[in-house]
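Letter by letter, the chains look like this.
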Amino acid sequence: NRKATIQAGKSRFALQTLGAEEFPTVTVNEHFSASFELPQKQLKHLFQMVHFAMAQQDIRYYLNGLLLVTEGNVVRVVATDGHRLAFCQAELDGGASLARNEVIIPRKTVLELHRLLGDTDDAVLIDVAPNQVRFRFGDVEMVSKLVEGKFPDYQRVIPSGYKKHVVISREVLAGSLARASILTSDKFRGVRLTLAPGVMKIQTSNAEQEEAVEELEVDYAA
């Protein structure tokens, strides 16, 4: 009578159920415009590098996801919320050459995949269609609809012609920013960077007149 009973120890639950015929189904495309594979750890790295920049519940719905671009032997991922933009790319092994494809993967799909992917060299098979994307790895097969819309031209947004370059250890910079951020305010979570030959100064202050200053050695010439 569409009821389920669950018992464990001295606990017993009698639950109502819904008819299986009411469960929503997703029709998987028979033909995909692009198919390729990447190691799990490489795909996870691509998502890790850009997923933080995806918009959340933006009225510009095409920003609430991640742009996946395939072209030749290169796979690119791009995310932006209109204030910041993150870009990362990887090359396919085996001399694969793909036609140019651009699709927007929904935010929820990206976050769930990032959680499920492991740090292994096991392959992820990726199939892309105009309205759908499929990921297959291990015992998992995930099929997702795509976000419709035109993603901003990220190549025009990324500046070119930089004249000043700074080289610094990623770990040293991340540690310094983490310490300085302790004194930032909820209203303005920012730090000030000041550059001089061989030195980067990181400063922050808040409404309580607290201040943090760190100087880091960097490879920089004015």
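This is a predicted model, so every value here is computed, not measured.

Participant: Which residues make up the side chain of T80, and what values go with them?
Facilitator: By the element assignment, T80 lies in strand β5 (residues 74-80). Judged by relative accessible area, which is 8%, T80 ranks as buried. At 3.1 Å, the side chain of T80 and the backbone nitrogen of G82 are in polar contact. A distance of 2.6 Å separates a polar side-chain atom of T80 from the backbone oxygen of R84.

Participant: A description of the pairing of strand β3 (residues 34-39) should follow, citing residues and the corresponding values.
Facilitator: Walk down a regular strand and you will see the side chains alternate between the two sheet faces. Here β3 shows a buried face lined by A34, F36 and L38 and an unburied face lined by S35, E37 and P39. In this structure, β3 lies alongside strand β8 (residues 123-129), joined through 6 bridges in antiparallel fashion. Opposite L38, over in β8, you have V124 as the bridge partner.

Participant: Quick one: what's the story with the layout of surface pockets, residue by residue and with numbers?
Facilitator: The computed volume of the largest pocket comes to approximately 200 Å³. Lining the largest pocket are L67, E102, V103, I104, P130, N131, L146, V147, E148, G149, K150 and F151. It is strand β7 (residues 98-106) that contributes the most residues to the lining of the largest pocket, 3 residues altogether. Its residues assigned to classes, the lining of the largest pocket shows 7 nonpolar, 2 polar and 3 charged.

Participant: Could you give an account of the packing of aromatic side chains, naming the residues involved and the relevant values?
Facilitator: Evaluation of the coordinates by the stated rule reveals 2 aromatic pairs. When the centroid spacing of 5.8 Å and the interplanar angle of 75° are considered together, the rings of Y61 and Y62 count as edge-to-face. Take Y61: its relative accessible area is 49%, and that puts it in the partly exposed class.

Participant: With reference to specific residues and values, describe the nonpolar core.
Facilitator: Counting 32 residues, the largest nonpolar core has F36, L43, L66, L68, I126 and F135 as its most contacted members. With 4 residues, helix α1 (residues 40-50) is the single largest residue contributor to this core. Beyond its immediate sequence surroundings of up to four residues, F36 is in contact with L68, T70, V75, L92, L98, V124, L125, I126 and V128. Within the second largest apolar cluster, 9 residues are counted, among which are V69, V78, F151 and Y154.

Definitions and limits used
- Each residue is numbered by its place in its chain's sequence as written, counting from 1.
- In keeping with the predicted nature of the model, local features appear solely for residues at pLDDT of at least 70, side-chain atom pairs appear and are counted solely at 80 or more, and the whole-chain, interface and lining totals rest on all residues.
- Hydrogen atoms and water are omitted, and side-chain values are computed over all heavy atoms in the structure.
- Each helix corresponds to a stretch of at least 4 residues labelled H or I by DSSP, and each strand to a stretch of at least 2 residues labelled E; elements are numbered beginning at the N terminus.
- Exposed residues in this analysis have more than 50% of their type's maximum accessible area, buried residues have under 20%, and partly exposed residues fall in between, with area computed by a 1.4 Å probe over protein chains only.
- We define a polar contact as two N or O atoms separated by no more than 3.5 Å, with the added condition that, inside protein, one atom must be a possible hydrogen donor and the other a possible acceptor, whereas residues neighbouring each other in sequence contribute only through side-chain atom pairs.
- Pairing between two strands requires that DSSP report at least two bridges joining them.
- Detection works on a 1 Å grid of protein atoms alone, calling trapped sets that fit a 1.4 Å probe cavities and calling open sets with protein on both sides within 12 Å along at least five of seven lines pockets, with lining residues defined by an atom within 4 Å of a point.
- Grid points are joined across faces, edges and corners, and a volume is the space filled by probe spheres set on the points.
- Amino acid classes used here: Ala, Val, Leu, Ile, Met, Phe, Trp, Tyr, Cys and Pro are nonpolar; Asp, Glu, Lys and Arg are charged; the rest, including Gly, are polar.
- Aromatic rings from Phe, Tyr and Trp, with only the six-membered ring used for Trp, were paired whenever their centres fell within 6.5 Å, and each pair was classed as stacked if the ring planes differed by under 30 degrees, edge-to-face if by over 60, and tilted otherwise.
- Only buried residues count toward a nonpolar core. Its members are Ala, Val, Leu, Ile, Met, Phe, Trp, Tyr and Cys residues joined through side-chain atoms within 4.5 Å.
- Here, two residues are considered to be in contact whenever any of their heavy atoms come within 4.5 Å of each other.

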